[in-house]
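# Reading the structure
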Amino acid sequence: MSLADKFSPAPREVRLAGALTALPGLALLAIGVVLVVEFLGQAPVAGNNVYAEVAYYLVLGFGVLACAGGLLLGKTWARSPALVISLVLVGVGWYAAGPSSQPGFGVPIMIAGAAVVVLLFRRPSRAWVLGQQEGETEEEAARRGGLEGRAAQREPDQD
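Bear in mind that the values here come from a model prediction, so they are computed numbers and not experimental data. In every chain, residue numbers begin from 1 and rise along the written sequence. Whole-chain, interface and lining totals are the exception, using all residues; otherwise, since this is a predicted model, local features are given only for residues with pLDDT of at least 70 and side-chain atom pairs are given and counted only at 80 or more. Excluding hydrogens and water, the side-chain figures rest on all heavy atoms present in the structure.

### Here we look at a nonpolar patch on the surface
For the record, the criterion: Residues enter a patch when their relative accessible area is above 30% and they make no salt bridge; the linking distance is 9 Å between like charges and 5 Å between nonpolar side chains (Val, Leu, Ile, Met, Phe, Trp, Tyr). Accessible surface is estimated by sampling points in the Shrake-Rupley manner with a 1.4 Å probe; for residues, cover comes only from the protein chains shown. A pairing counts as a salt bridge when a side-chain nitrogen of Lys or Arg comes within 4 Å of a carboxyl oxygen of Asp or Glu. Under the scheme used here, helices are H or I runs from DSSP no shorter than 4 residues and strands are E runs no shorter than 2 residues, and both carry numbers assigned from the N terminus.
A grouping of Val84, Val88 and Val92 is seen on the molecular surface, where their side chains present a nonpolar patch of about 250 Å² in accessible area. Residue placement: valine 88 occurs in helix α4 (residues 79–97).

### Focus on the packing of aromatic side chains
Stated formally: Each Phe, Tyr or Trp ring (for Trp, its six-membered ring) is paired with any other whose centre lies within 6.5 Å, and the angle between the two planes then decides the class: stacked below 30 degrees, edge-to-face above 60, tilted in between. Here, a charge over a ring is recorded when the distance from Lys NZ or Arg CZ to the ring centre is within 6 Å and its angle to the ring normal is within 35 degrees.
This structure, assessed with the given rule, holds 2 aromatic pairs. When the ring of tyrosine 56 is compared with that of tyrosine 57, the centres are 6.0 Å apart and the planes differ by 65°; the resulting orientation is edge-to-face. A centroid spacing of 6.5 Å and a plane angle of 55° characterise the contact between tryptophan 94 and tyrosine 95, whose relative ring orientation is tilted. One cation-aromatic arrangement involves arginine 79 over phenylalanine 121; the distance from NZ or CZ to the ring centre is 4.9 Å.

### Overview of the layout of surface pockets
To be explicit about the condition: Cavity and pocket criteria rest on a 1 Å grid covering protein atoms alone: a 1.4 Å probe that fits but cannot get out defines a cavity, protein on both sides within 12 Å along at least 5 of 7 lines defines an open pocket, and an atom within 4 Å of a point defines a lining residue. Grid points are joined across faces, edges and corners, and a volume is the space filled by probe spheres set on the points. In this count, Pro and Cys sit with the nonpolar residues alongside Ala, Val, Leu, Ile, Met, Phe, Trp and Tyr, while Asp, Glu, Lys and Arg are called charged and the others, Gly among them, polar.
The calculated volume of the largest pocket comes to roughly 390 Å³. In terms of lining, the largest pocket is formed by 14 residues, of which the most central are Pro24, Ala27, Leu89, Val92 and Ile109. Per-element accounting of the lining of the largest pocket gives the leading share, 5 residues, to helix α2 (residues 12–39). Considering only residue class, the lining of the largest pocket consists of 14 nonpolar, no polar and no charged. The space that makes up the second largest pocket amounts to roughly 170 Å³. As for the second largest pocket, its lining consists of Leu35, Val36, Phe39, Leu40, Gln42, Ala43, Pro44, Val45, Asn48, Asn49, Val50 and Tyr51. Sorting the residues of the lining of the second largest pocket by element identifies α2 and α3 (50–72) as the ones contributing at least two each. It is α2 that provides the largest number of residues to the lining of the second largest pocket, a total of 3 residues. Considered class by class, the residues forming the lining of the second largest pocket number 9 nonpolar, 3 polar and no charged.

### Comments concerning the packing of α4 against helix α5 (residues 103–120)
Applied cut-off: Note on definitions: angles span 0 to 180 degrees between N-to-C directions of axes, and those axes are lines fitted to C-alpha atoms, for helices only across the stretch in contact. Angles below 35 degrees are treated as roughly parallel, those above 145 as roughly antiparallel, those between 65 and 115 as roughly perpendicular, and all remaining angles as oblique. Helix crossings are classified by the rotation of the near helix relative to the far one: an anticlockwise turn of less than a right angle makes the crossing left-handed, while a clockwise turn makes it right-handed. The contact definition used throughout considers only heavy atoms, calling two residues in contact when any of these lie within 4.5 Å.
With their axes 7 Å apart at the nearest point, α4 and α5 run at an angle of 155° to one another. The pairing of α4 with α5 is recorded here as roughly antiparallel in orientation. Note on packing geometry: the crossing formed by α4 with α5 is left-handed. For the pair formed by α4 and α5, the contact residues are Arg79, Ala82, Leu83, Ser86, Leu87, Leu89, Val90, Val92, Gly93, Trp94, Ala96 and Ala97 on the first element and Pro103, Gly106, Val107, Ile109, Met110, Gly113, Ala114, Val116, Val117 and Leu120 on the second. Within the contact of α4 with α5, the residues separate by chemical class into 17 nonpolar, 4 polar and 1 charged.

Everything listed here is a matter of geometry and, on its own, says nothing about what the molecule does.
Here is the structure:
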């Protein structure tokens with residue numbers, strides 16, 4: 001068993017999706033830092049609050065990084081937000097490549113977003129999120145209640 005398997009109970013696909021999900025979070029933090037550096041010492045412009053914009057990018061960036069960290073650590077709660085983030089990335093990439101005529105930015109963004117979607121819907125990822133046991137179908141795991149159902153089966157009755 002490798003160190004990565006000991007550290008995270010998630011399959012390799014989920015950990016890779018977590019690493020890819022961290023990229024837009026880091027980009028949002030970088031945008032926030034660039035805005036602060038660019039507007040430091042400049043006179044305020046009426047109708048433009050750069051600090052609110054920076055705070056917005058930082059909050060979004062840390063939220064995306066929290067989802068990425070959750071996937072890397074094998075937390076099932078992080079799967080749905082990471083899927084939403086990656087679908088938004090596909091849309092952003094499409095807009096950058098198409099209407100904005102910036103395929104150099106848009107295509108890699110689309111590919112990264114689509115890769116996360118594919119990784120999180122592969123069979124090992126689905127089995128992980130359902131808490132699927134050996135020899136059990138996905139339908140049986142879903143009927144049992146997934147990870148919560150497996151945890152409830154392990155706990156002794158408290159009657």
